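Letter by letter, the chains look like this.
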Amino acid sequence: MDTELDRLGSEKALVAATAAQLDRGRVLESTLAAEHRAAATFGAWAEDEDDPDARAAFERVADLERDHADRVAGLLDGPASDSGADPDALHAHLRGLDATPERVAAGLVARPLVSDRSLLQVVNFFVNEADEAAADVIRDLRSETTALVDDGTALLDDCCTDDADWERALDAATETVAVAYEEYAETLQGMGVDPAPVC
């Protein structure tokens, strides 16, 4: 999924996420909505997960995402909107998973890889705006999000007991990136923007 992940990390990522409203408030609202969606997804998983290690991991990530949301909200000039209450395509896909290996691979490996790319563009936005304080906050969020990949791969070693589990995990991770990319590409195409890089 290298091509899809590379494109998800392009400068067009914020264009898609904000519907081309590239101002400080809209970028923060979009970032905040993503954190709210993630917190809701992992919170729901923690409530019905049977594997104790996975359940504990999902609870930790839900708490982390709530903390991320609080930090992003602290950068807003006014009160946060209610955006993020409804899942986007990525989180609708994630919330449809119920097997532990699939959830771990999709939620703790693939989703952080996708989020890493989008958060990089948020960092770049604030660097370009000469807002180093906001850029530093988003850098911290990005670092903590990226670290989840190592946690996820370690947890997969425990919850995948046979080749079939590993295959389901791989399929779930691949599909998660594909779903995120498809929404990104369709959003840009709907705006008349080509999601492929300009050579």
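Before reading further, recall that the structure is shown in the block above.
Residues numbered from 1 in each chain as written. Predicted model: local features only at pLDDT ≥ 70, side-chain atom pairs only at ≥ 80, totals over all residues. Heavy atoms only, no water.

A. A look at the overall build of the protein chain. When helices and strands are counted, the protein chain shows eight helices and zero strands. Listed N to C, the secondary structure of the protein chain is α-α-α-α-α-α-α-α in terms of helices and strands. Counting only residues that meet the buried cut, the protein chain has 47% of its 199 residues in that class. Within the structure as shown, the protein chain displays about 9600 Å² of accessible surface, and the carbon and sulfur contribution to it stands at 48%. On the protein chain, the mean spot of the 16 positive side-chain charges and the mean spot of the 45 negative ones are 3 Å from each other. (Helix = DSSP H or I, 4+ residues; strand = E, 2+ residues; numbered from the N terminus. Buried < 20%, exposed > 50% of the residue type's maximum accessible area, 1.4 Å probe, protein only. Areas by Shrake-Rupley, 256 points an atom, 1.4 Å probe, with all protein chains shown as cover. Lys, Arg positive; Asp, Glu negative; His and termini not counted. Charge placed at Lys NZ, Arg CZ, Asp CG, Glu CD.)

B. Up close: the nonpolar core. In this structure, Leu-8, Phe-42, Phe-58, Val-104, Leu-108, Leu-156 and Tyr-184 are the most contacted members of the largest nonpolar core, which totals 39 residues. The set of elements that each furnish at least two residues to this core consists of helix H1 (2-8), helix H2 (12-18), helix H3 (24-48), helix H4 (52-73), helix H5 (89-95), helix H6 (100-128), helix H7 (132-159) and helix H8 (163-190). No other element matches the nine residues that H8 contributes to this core. In contact with Val-104, not counting residues within four places along its chain, are Ala-54, Phe-58, Val-109, Gly-152, Leu-155, Leu-156 and Cys-159. Core analysis: the next-biggest nonpolar cluster, separate from the first, contains 17 residues, Leu-75, Leu-119, Ala-135 and Ile-138 among them. (Core = buried A, V, L, I, M, F, W, Y, C linked by side-chain atoms within 4.5 Å. Contact = heavy atoms within 4.5 Å.)

C. Examining the pattern of salt bridges more closely. Applying the stated criterion to the full structure yields 14 salt bridges. Between Arg-24 and Asp-131 there is a salt bridge whose closest N-O contact spans 3.1 Å. A residue pair is termed long-range when its members are at least 10 positions apart, and Arg-24 in helix H3 and Asp-131 in the loop between H6 and H7 qualify at 107 residues. Among the residues examined, Asp-131 registers a relative accessible area of 18% and is labelled buried. Connected through salt bridges with shared partners, the residues Arg-24, Asp-77 and Asp-131 form a single ionic network. (Salt bridge = Lys/Arg side-chain N within 4 Å of Asp/Glu carboxyl O.)

D. Examining H6 more closely. Along its 29 residues, H6 runs 41 Å from first to last C-alpha, staying within 8% of the 42 Å computed at 1.5 Å per residue. At Arg-111, H6 shows its maximal bend, which comes to roughly 35 degrees, and the proline Pro-112 appears one to four places after that position. (Expected span 1.5 Å × (residues − 1). Bend = angle between axes of the 7 residues up to and from the residue.)

E. Expanded view of the packing of aromatic side chains. Throughout the structure, instances matching the rule amount to five aromatic pairs. Ring centres of Phe-42 and Phe-58 lie 6.1 Å apart, and the angle between their planes is 45 degrees; on these two criteria the pair is classed as tilted. Of this pair, Phe-42 sits in helix H3 while Phe-58 sits in helix H4; the two residues are 16 residues apart in sequence, bridging distant segments of the chain. Of the two residues, Phe-42 and Phe-58, both sit in the buried class. With 5.1 Å between their ring centres and 80 degrees between their planes, Phe-125 and Phe-126 make a pair best called edge-to-face. For the pair Phe-125 and Phe-126, one class covers both residues: buried. (Phe/Tyr/Trp six-rings, centres within 6.5 Å; stacked < 30°, edge-to-face > 60°.)

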